[in-house]
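Single-letter residue listing:
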Amino acid sequence: MKKKIAIGSDHAGFALKEQIKKWLEKEGYSVRDFGCFSAESCDYPDFAEKVAKEVAKDRNTIGILFCGTGIGMCIAANKIKGIHAALIHNEFTGKSAKEHNNANIICLGARVINFATAKKAISTFLNAEFQGGRHSRRVKKIERIEKNV
């Protein structure tokens, strides 16, 4: 069963989000768009929060966020308890985000990568599995930090 995908962007990521959303739907994923819904200027934390809260409450949902660089979305999403958001740029970082960090949200920069690269990176992430082992130990340490903050 394919996971559900919560997707969001700011104005800078809007066009790439729309392209990726259409592609994911063609691939058979259930995609819920949390905005934004135009290229009009808006604030990325608003959409990062909406997507991150959805992912945090539903383990069968992963998130994909887009802004100009992906950095702001990643910072904002990681403020929500239970979120492991990763900035990805290519297939290697997409695969590593899942295999090593068990990321449940990925963030992409629409001003940094193009549609073809984003598609490959997202596909690699979606098809990767968390490797566990030594990576589990490290993810658990991150979760302990989160609990003690």
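Located above this text is the structure these notes cover.
No experiment lies behind these values; they were computed from the predicted model shown.

Honestly, the overall build of the chain in this entry has me stumped. Any pointers?
The helix and strand inventory of the chain stands at six helices and five strands. Listing every helix and strand of the chain by position from the N terminus yields β-α-β-α-β-α-β-α-β-α-α. Relative to a compact globule of 149 residues, whose C-alpha radius of gyration would be 15 Å, the chain shows 14 Å and is just as compact. Taking all 149 residues of the chain together, the buried fraction comes to 48%. Long-range contacts, defined here as pairs at least 24 residues apart, represent 69% of the contacts in the chain between residues at least 6 apart.

When you look at the environment of C67 in this model, what are you seeing that I'm missing?
Counting through the fold element by element, C67 comes out in strand β3 (residues 61-67). Residue C67 is classed as buried on the basis of its relative accessible area of 4%. Not counting chain neighbours up to four residues away, the residues in contact with C67 comprise D10, A12, G13, G72, M73, L108, G109, A110 and R111.

Whenever I open this one, helix α2 (residues 44-57) confuses me. Can you help?
Because each turn of an α-helix spans 3.6 residues, side chains separated by three or four positions end up pointing in the same direction. Here α2 is 14 residues long and its end C-alpha atoms lie 20 Å apart, about the 20 Å a rise of 1.5 Å per residue gives. Buried within α2 are the following residues: F47, A48, V51, A52, E54 and V55. For α2, the buried positions fall inside an angular range of 160° around the axis, keeping them on one side. Close packing links the buried residues of α2 with β1 (4-9), β2 (31-33), β3, α3 (71-77) and β5 (105-109).

It is not clear to me how the pattern of salt bridges should be interpreted in this structure. Could you clarify?
Pairing between side chains of opposite charge can happen when their charged atoms approach one another. Applying the stated criterion to the full structure yields eight salt bridges. Two residues, K53 and E49, come together in a salt bridge whose shortest N-O distance is 2.8 Å. Here K53 and its partner E49 are both found in helix α2, four residues apart, which amounts to about one turn of the helix. Residue classification places E49 among the partly exposed positions, given a relative accessible area of 36%. What you see here is one network of salt bridges that share partners, running through K17, E18, K21 and D33.

What exactly am I supposed to notice about the packing of helix α1 (residues 14-26) against helix α5 (residues 115-127) here?
Between two packed helices, the angle of one axis relative to the other and the distance separating the axes together describe the packing. Put simply, α1 and α5 touch, their axes get as near as 11 Å, and they point 50° apart. With respect to α5, the element α1 is oriented oblique. Taken as a pair, α1 and α5 cross one another with a handedness that is right-handed. Facing α1, whose interface residues are L16, Q19, I20, W23 and L24, α5 presents F115, A118, K119, I122, S123 and L126. Tallied by class, the residues present in the contact of α1 with α5 amount to eight nonpolar, two polar and one charged.

Would you mind showing me how to read the environment of E129 here?
Residue placement: E129 occurs in the loop between α5 and α6 (134-148). Assessed through its relative accessible area of 60%, E129 is described here as exposed. Note: C-alpha distance between E129 and F14 (115 residues apart in sequence) is 28 Å.

Would you mind showing me how to read the sheet that holds β3 here?
Whenever strands of a sheet pair, they do so through backbone hydrogen bonds, lying parallel or antiparallel. Taken in spatial order, the five strands of this open sheet run β2-β1-β3-β5-β4, and their pairing is parallel. The two strands at the open ends of the sheet, each matched to only one other strand, are β2 and β4 (85-87). Each neighbouring strand pair of the sheet contributes to a mean axis angle of 25°, computed without reference to strand direction. Of the pairings in the sheet, the one linking β4 to β5 comprises three bridges and is parallel in character.

Parameters and conventions
- Residues numbered from 1 in each chain as written.
- Predicted model: local features only at pLDDT ≥ 70, side-chain atom pairs only at ≥ 80, totals over all residues.
- Heavy atoms only, no water.
- Helix = DSSP H or I, 4+ residues; strand = E, 2+ residues; numbered from the N terminus.
- Rg over C-alpha atoms; globule rule 2.2 N^0.38 Å.
- Buried < 20%, exposed > 50% of the residue type's maximum accessible area, 1.4 Å probe, protein only.
- Contact = heavy atoms within 4.5 Å.
- Expected span 1.5 Å × (residues − 1).
- Arc of directions from axis to C-beta.
- Salt bridge = Lys/Arg side-chain N within 4 Å of Asp/Glu carboxyl O.
- Axes fitted to C-alpha atoms, helices over the stretch in contact; angles between N-to-C directions.
- Parallel < 35°, antiparallel > 145°, perpendicular 65-115°, else oblique.
- Left-handed = near helix turned anticlockwise from the far one by under 90°.
- Nonpolar A, V, L, I, M, F, W, Y, C, P; charged D, E, K, R; others polar.
- Pairing = 2+ DSSP bridges.

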